[in-house]
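One letter stands for each residue in the lines below.
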Amino acid sequence: GFVPESLAPEGIEEAEVTFPSGSLKLAGSVVKPRGVKPCPAVVLLSDTGPQDRQGNLAKGKGGAEEFAWTGADASLQRSIAQALAGSGVLVLRYDDRGCGASEGEFDKARFKDLVADAAAAVAYLRGRDDVGPIGLVGHGEGALSACLVAAKDGAIKSVVLLAPPATTLDEAALARSERLLREQGTKEE
């Protein structure tokens, strides 16, 4: 079942952290198995749209209404992080820039900025004494970021892709632009 936000399963501990990405300070949470040092680690990378560290859409930010759904927050990233920590993996998840406690403006961020944020998260983990080998877990658009970070960083030990796009980045960007233009009433020609 559902675990209230303030409660974490036994055997894991969670702490709020911050780390730099360029001139910005990003905020997140590290959840890890209690007492295990060092342990394998992963960075969770969120899907499309402005999301907080729990994996919920930050409503009213950066065009979030385009992605909004009316149901309750699912907190997918939090659930994944706690399950992995319960299995012996340290997990860093963070608020997208301009969301939650992270600095910046999501609606002005480009994809390359989000990839830079992911690389900064990896760099932060490398500076911790409780971290062993590092991997990436990317969901949706975060799967694309994970692939780009891993392609540039040969020390990444694993990459897990959750619901990655079924097209290339170029095709996805063109399809999104076409959809937005149609919704704005742009003439077909």
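*Asks:* Whenever I open this one, the overall build of the protein confuses me. Can you help?
*Replies:* Counting its secondary structure elements, the protein contains four helices and six strands. For the protein, the N- to C-terminal ordering of α and β elements is β-β-β-α-β-α-β-α-β-α. For the protein, the proportion of its 189 residues judged to be buried stands at 39%. Counted over contacts in the protein with a minimum sequence separation of 6, partners at least 24 positions apart contribute 64%. Roughly 10,300 Å² of accessible area belongs to the protein as shown, and the carbon and sulfur atoms make up 54% of that amount.

*Asks:* Would you mind going over the pairing of strand 1 (residues 12-21) with me for this structure?
*Replies:* Across ten bridges, the pairing between strand 1 and strand 2 (residues 24-33) is antiparallel. Within strand 2, the residue paired with Glu14 across the bridge is Val31.

*Asks:* It is not clear to me how the sheet that holds strand 3 (residues 39-45) should be interpreted in this structure. Could you clarify?
*Replies:* What links the strands of a sheet is backbone hydrogen bonding, and the strands pair in either a parallel or an antiparallel sense. Strand order across the open sheet formed by six strands is 1-2-4-3-5-6, with mixed pairing between neighbours. In this open sheet, the two strands that pair with only one neighbour each are strand 1 and strand 6 (158-162). The mean angle between the axes of side-by-side strands here comes to 25°, regardless of whether they run parallel or antiparallel. Set on the sheet, helix 3 (residues 141-152) makes contact with strand 3, strand 5 (131-139) and strand 6; between it and strand 5 the angle comes to about 140°.

*Asks:* Explain the side chain of Gln77 to me, please; I cannot follow it from the model alone.
*Replies:* Tracing the sequence through the fold places Gln77 in helix 1 (residues 76-86). Gln77 sits in the buried class, given a relative accessible area of 5%. Look past the residues within four positions of Gln77 in its chain and what remains in contact with it is Leu44, Leu45, Ser46, Arg53, Gln54, Gly55 and Arg93.

*Asks:* So what exactly am I meant to see when it comes to the environment of Ala172 here?
*Replies:* Considering the arrangement of structural elements, one finds Ala172 in helix 4 (residues 169-183). Separated by 31 residues in the primary sequence, Ala172 and Glu141 place their C-alpha atoms 9.9 Å from one another.

*Asks:* Would you explain unusual backbone geometry in this entry?
*Replies:* Trans is the prevailing form of peptide bonds, just as negative phi is the prevailing case for residues other than glycine. Backbone torsion omega between Lys37 and Pro38 reads -20°, so that peptide bond is classified as cis. Here Pro38 shows up in the loop between strand 2 and strand 3. A positive phi angle is found at Ala163, which is not glycine, with a value near 50°. Tracing the backbone through its elements, the reader meets Ala163 in the loop between strand 6 and helix 4.

*Asks:* Explain the packing of aromatic side chains to me, please; I cannot follow it from the model alone.
*Replies:* Two measures describe an aromatic ring pair: the distance that separates the ring centres and the angle between the ring planes. All told, the structure shown has two aromatic pairs when counted by the stated rule. Each ring, one from Phe19 and one from Tyr94, has its centre 5.5 Å from the other, and the planes form 90°; the classification is edge-to-face. With Phe19 in strand 1 and Tyr94 in strand 4 (residues 90-94), this residue pair connects regions lying 75 residues apart in the sequence. When its relative accessible area of 7% is taken as the criterion, Tyr94 is described as buried. Between Phe19 and Tyr124, the aromatic rings sit 5.6 Å apart at their centres with planes inclined by 25°, giving stacked as the arrangement. With Phe19 in strand 1 and Tyr124 in helix 2 (residues 111-126), this pair connects stretches of sequence that are 105 residues apart. In this structure Phe19 comes out as buried when scored by relative accessible area, which is 1%. Ring pairs connect the aromatic residues Phe19, Tyr94 and Tyr124, which therefore count as one cluster.

*Asks:* I would appreciate a short explanation of the pattern of salt bridges in the present structure.
*Replies:* Pairs may arise between side chains of opposite charge once their charged atoms sit close together. For the structure shown, the criterion picks out 13 salt bridges. The salt bridge partner of Asp153 is Arg126, with a shortest N-O separation of 2.8 Å. With Asp153 in the loop between helix 3 and strand 6 and Arg126 in helix 2, this pair connects stretches of sequence that are 27 residues apart. The class of Asp153 is buried, set by a relative accessible area of 16%. Note that Arg128 and Asp130 form a salt bridge whose closest N and O atoms lie 2.8 Å from each other. Residue classification places Asp130 among the buried residues on the basis of a relative accessible area of 3%. Three or more residues joined by partner-sharing salt bridges are found here, namely Glu13, Lys32, Arg34, Arg128 and Asp130.

So, how was this worked out
Residues numbered from 1 in each chain as written. Predicted model: local features only at pLDDT ≥ 70, side-chain atom pairs only at ≥ 80, totals over all residues. Heavy atoms only, no water. Helix = DSSP H or I, 4+ residues; strand = E, 2+ residues; numbered from the N terminus. Buried < 20%, exposed > 50% of the residue type's maximum accessible area, 1.4 Å probe, protein only. Contact = heavy atoms within 4.5 Å. Areas by Shrake-Rupley, 256 points an atom, 1.4 Å probe, with all protein chains shown as cover. Pairing = 2+ DSSP bridges. Axes fitted to C-alpha atoms, helices over the stretch in contact; angles between N-to-C directions. Phe/Tyr/Trp six-rings, centres within 6.5 Å; stacked < 30°, edge-to-face > 60°. Salt bridge = Lys/Arg side-chain N within 4 Å of Asp/Glu carboxyl O.

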